[in-house]
Amino acid sequence: MTVPAPIAMLAELTYRCPLSCPYCSNPIEMAQKDRELPTDLWLDVFRQAAGLGVLQLHLSGGEPASRRDLADLVRGARDAGLYTNLITSAIGLTQRRLDELETAGLDHVQLSLQGTDAAMADHIGGYAGGFKRKMQAAEWIVDAGFPLTLNAVVHRQNLHQLPDAIDMAVAMKARRMEVAIVQFHGWAMQNRAALMPTRAQAAEASRIVAEARKRLEGIMVIDYVPADYHEDYPKRCMGGWGTTGLNVTPDGQVLPCHAAQTIPTLTFDNVRDRPLADIWHNGSAFNAYRGEDWMQEPCRSCDRRKLDFGGCRCQAMAIAGDPAATDPVCIKSPLHGKIQNMADEFAADDTATLTYRVSPR
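Residues numbered from 1 in each chain as written. Predicted model: local features only at pLDDT ≥ 70, side-chain atom pairs only at ≥ 80, totals over all residues. Heavy atoms only, no water.

(A) A look at the pairing of strand 4 (residues 108-113). Of all six residues in strand 4, six are buried, a share of seventy percent or more. Pairing geometry for strand 3 (residues 83-88) and strand 4, over four bridges, is parallel. What sits directly across from threonine 88, in strand 4, is leucine 111. In this view, the connection linking strand 3 to its parallel neighbour strand 4 by way of helix 3 (residues 95-104) has right-handed handedness. Pairing of strand 4 with strand 5 (residues 148-154), which is carried by five bridges, proceeds in the parallel orientation. By the bridge assignment for strand 5, leucine 111 is matched with leucine 150. (Buried < 20%, exposed > 50% of the residue type's maximum accessible area, 1.4 Å probe, protein only. Helix = DSSP H or I, 4+ residues; strand = E, 2+ residues; numbered from the N terminus. Pairing = 2+ DSSP bridges. Right-handed = clockwise from strand over helix to strand, strands pointing away.)

This is the structure we're talking about:
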């Protein structure tokens, strides 16, 4: 098949982070600080990405502000012609650092939100005083003129705050808001019993978002990621495996998606050893689930196969034990009933406690 150029690249600059969010998508086993790519190698990767056709660069982590060279990385990315978006908790961002990032050419900021008050936000983030610092940084971000997106990960413990979160985004003058019901990868898999929304909560969240989209049309765009385990059809994960984007981990591994390392049969190339374009076009991990040839039934003959490409390969691995299986979220999967039962069982567990993310040193 003809492989299109990727549109976006997620650069996970570091797994270090002051927060300990129990739904973090970072892997359980994380690269240590001494294995992170140095500045010059990241800048070379950015140039390679631009040459490959990437337009948007998302600087993430962990907390990207943990990198002292963040402004240098932004400047280099802009010099390569990339649109730069910083995905941050804002912990570690001062007004001076934001001024440096503006001078370096940063285009956009996405700010994470763990709750709409200090009690909830600090509880979920595992960082006392984090909410206050985040709110201060949000003012600096807007005052500096950066377009702002507010990222709200919602789950059973904070879904009741969703209306307030939407109002907060408007008050912050955010241009866009992403409401994502927690996706069960990384640390969230360890916390399904504590985070799984009830079926009623998931339905109510969809209603709230639909109403807010109508009410705020022309004021703020709202993107929405519904609750996987409660749906009848899966998402078109990553826009199709190996078709629109790629991830580079702190130590240089190149992944088709942020959770791909949970598939043990895949081998991932590293930018230290192989050019990015060669990895994108010829890497075994990227070609494993491109197109349709890998599909099993019922996906192979399904009229939705070009819409969702069988759903999430990592979710198929987690629930079915086979990354080539139909995503169990799909109503046509023989495991659809299993994942629905799991959702109800986890959501009914009112005794589960949170296992917090542990940051590498």
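(B) Quick peek at the sheet that holds strand 1 (residues 8-12). Here we have nine strands laid out as an open sheet, ordered 7-6-5-4-3-2-1-8-9, and mixed in their pairing. Looking at which strands have only one partner, the edges of the open sheet turn out to be strand 7 (221-225) and strand 9 (254-255). With five bridges connecting them, strand 6 (residues 176-181) and strand 7 associate as parallel partners. Considered in strand 7, the bridge of valine 179 is made with tyrosine 224. Contacting strand 4 and strand 5, helix 5 (residues 130-143) crosses the sheet at an angle of about 160° to strand 4. (Contact = heavy atoms within 4.5 Å. Axes fitted to C-alpha atoms, helices over the stretch in contact; angles between N-to-C directions.)

(C) Up close: unusual backbone geometry. The omega angle of the peptide bond from glycine 61 to glycine 62 is 15°, so this bond is cis rather than trans. Among the secondary structure elements, glycine 62 is positioned in the loop between strand 2 (56-60) and helix 2 (70-79). Of note, the bond from glutamate 297 into proline 298 is cis; its omega dihedral lies within 30 degrees of zero at 10°. As for its placement among the helices and strands, proline 298 is situated in the loop between helix 10 (284-287) and helix 11 (305-308). Its identity as a non-glycine residue notwithstanding, alanine 90 has a phi of 75°, on the positive side. Locating alanine 90 in the fold gives a position in the loop between strand 3 and helix 3. Given the relative accessible area of 2%, alanine 90 is considered buried. Positive phi values are uncommon outside glycine, yet lysine 173 reaches one of about 70°. Among the secondary structure elements, lysine 173 is positioned in the loop between helix 6 (162-171) and strand 6.

(D) Expanded view of the packing of aromatic side chains. Applying the stated criterion to the full structure yields five aromatic pairs. Grouped by ring-pair contacts, the aromatic residues Trp241, Tyr289 and Trp294 constitute a single cluster. The positively charged end of arginine 290 is found above the aromatic ring belonging to tryptophan 280, 4.8 Å away from the centroid. Over the ring of tyrosine 233 we find arginine 304; its NZ or CZ atom is 4.1 Å from the centre of that ring. (Phe/Tyr/Trp six-rings, centres within 6.5 Å; stacked < 30°, edge-to-face > 60°. Lys NZ or Arg CZ within 6 Å of the ring centre and 35° of its normal.)

(E) Summary view of helix 5. Here helix 5 spans 20 Å end to end across 14 residues, near enough to the 20 Å set by a 1.5 Å rise per residue. Those residues of helix 5 that fall on the buried side of the exposure criterion are Gly130, Phe131, Lys134, Met135, Ala137, Ala138 and Ile141. Considered in projection along helix 5, the buried side chains sweep an arc of 165° and stay on one side of the axis. Set apart from the buried face of helix 5 by more than 90 degrees, the exposed residues are Lys132 and Asp143. Contacts from the buried residues of helix 5 go to helix 3, strand 4, helix 4 (118-125), strand 5 and helix 6. (Expected span 1.5 Å × (residues − 1). Arc of directions from axis to C-beta.)

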